[in-house]
Amino acid sequence: KNEVEQSPQNLTAQEGEFITINCSYSVGISALHWLQQHPGGGIVSLFMLSSGKKKHGRLIATINIQEKHSSLHITASHPRDSAVYICAVGRDRDDKIIFGKGTRLHILP
Amino acid sequence: GAGVSQSPSNKVTEKGKDVELRCDPISGHTALYWYRQSLGQGLEFLIYFQGNSAPDKSGLPSDRFSAERTGGSVSTLTIQRTQQEDSAVYLCASSWGYQRRYNEQFFGPGTRLTVL
């Protein structure tokens, strides 16, 4: 079983819809990261969080340490949000970064 | 430069040849990471450099892979006797500070390696 699991693997939605991507992990962590990777492009760090909630523009990330779960929400989704969203955790026993397999999001105009 | 840069952006090589991939981190970043992303797979940690400390090589898939970081800045990842399964995008990232758990990583654009 992977230490970091994301769902869904693929998501297609209409422009304007509220999007939720989930991440569950099975190890003790020091921090959780959400990354964005556009097709053919590089990776951008969206959030790094260890508790609670963070918001940046239309993006919101939450984490529940007790349940070992995080969600990334996108409000008023737009075609330019189409990308792969990757959850990654910093494993607390050795600080290694463990990545989920990503969620491919496609927003239709 | 403003961000992490990598070169070349694309590399096509023949099986059995050696390749060198280069990473220029953000100026002042003490931590540097190499990752690999194979087609359809997630990101895989390869190696981590922090300042002058010995690198964490635990993610290197075989002894054909090696990396060095000269002067605490530029890093090269070398793959000897390349195999077709080495084909992937190799990503470099850098971050501030001495505790990687707390530091946001900035990623380069990657080098797409194709081994024929």
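Up top you'll find the structure we're talking about.
Below, the structure is looked at part by part.

About the cut-offs
The numbering scheme is per chain: residues are counted from 1 as the chain's sequence reads. As a convention, the first chain written is A and the first ligand written is 1, with the rest following in written order. For this predicted model, a pLDDT threshold of at least 70 governs which residues receive local features, and a threshold of 80 or more governs which side-chain atom pairs are given and counted, while totals over whole chains, interfaces and linings are taken from all residues. Excluding hydrogens and water, the side-chain figures rest on all heavy atoms present in the structure. For the purposes of this entry, the term helix denotes a DSSP run of H or I that reaches at least four residues, the term strand denotes a run of E that reaches at least two, and both are numbered from the N terminus. This radius of gyration counts C-alpha atoms alone. The globule rule is 2.2 Å times how many residues there are, raised to the power 0.38. For this analysis, residues touch if any pair of their heavy atoms sits within 4.5 Å. We get accessible surface area from the Shrake-Rupley algorithm with a probe of 1.4 Å; when it comes to residues, only the shown protein chains can shield them. A pair of aromatic rings is counted whenever rings of Phe, Tyr or Trp (Trp by its six-membered ring) have centres within 6.5 Å, and the orientation is called stacked for planes under 30 degrees apart, edge-to-face for over 60 and tilted otherwise. In this scheme, a residue with accessible area under 20% of its type's maximum is buried, one over 50% is exposed, and one in between is partly exposed, where area comes from a 1.4 Å probe on protein chains only.

Notes on the overall build of chain A
Broken down by element type, chain A carries zero helices and eleven strands. Reading the helices (α) and strands (β) of chain A from amino to carboxyl end gives β-β-β-β-β-β-β-β-β-β-β. Rg of the C-alpha trace for chain A: 13 Å, near the compact-globule value of 13 Å for 109 residues, within the 12% margin. With the principal axes as the frame, chain A shows a C-alpha extent of 45 × 25 × 20 Å. In chain A, 55% of the contacts between residues at least 6 apart in sequence involve partners at least 24 apart. Of the roughly 5,200 Å² of accessible surface on chain A, 49% is carried by carbon and sulfur atoms.

Notes on the packing of aromatic side chains
The tally for this structure, following the rule as stated, stands at five aromatic pairs over all chains. Relative to Tyr35 of chain B, the ring of Tyr33 of chain B lies with its centre 6.0 Å away and its plane at 5°, an arrangement referred to as stacked. With relative accessibility at 0%, the residue Tyr35 of chain B sits in the buried group. Ring geometry for Tyr33 of chain B and Tyr48 of chain B: centres 5.0 Å apart, planes at 35°, overall tilted. Residue Tyr33 of chain B is found in strand β4 (residues 31–37), and its partner Tyr48 of chain B is found in strand β5 (residues 43–50); the two are separated by 15 residues along the sequence. A single burial state applies to Tyr33 of chain B and to Tyr48 of chain B, both of which are buried. Taken together through their ring pairs, the aromatic side chains of Phe99 of chain A together with Tyr33, Tyr35, Phe45, Tyr48 and Phe107 of chain B make up a single cluster.

Examining unusual backbone geometry
Cis geometry is found at the peptide bond from Ser7 of chain A to Pro8 of chain A, where omega equals -5°. Here Pro8 of chain A is to be found in the loop between β1 (4–7) and β2 (10–14). Following Ser7 of chain B, the chain continues into Pro8 of chain B via a peptide bond in cis, with omega recorded as -10°. Along the chain, Pro8 of chain B turns up in the loop between β1 (5–7) and β2 (10–13). Its identity as a non-glycine residue notwithstanding, Lys68 of chain A has a phi of 55°, on the positive side. Residue placement: Lys68 of chain A occurs in the loop between β7 (59–64) and β8 (69–74). Even without being a glycine, Arg81 of chain B presents a positive backbone phi close to 45°.

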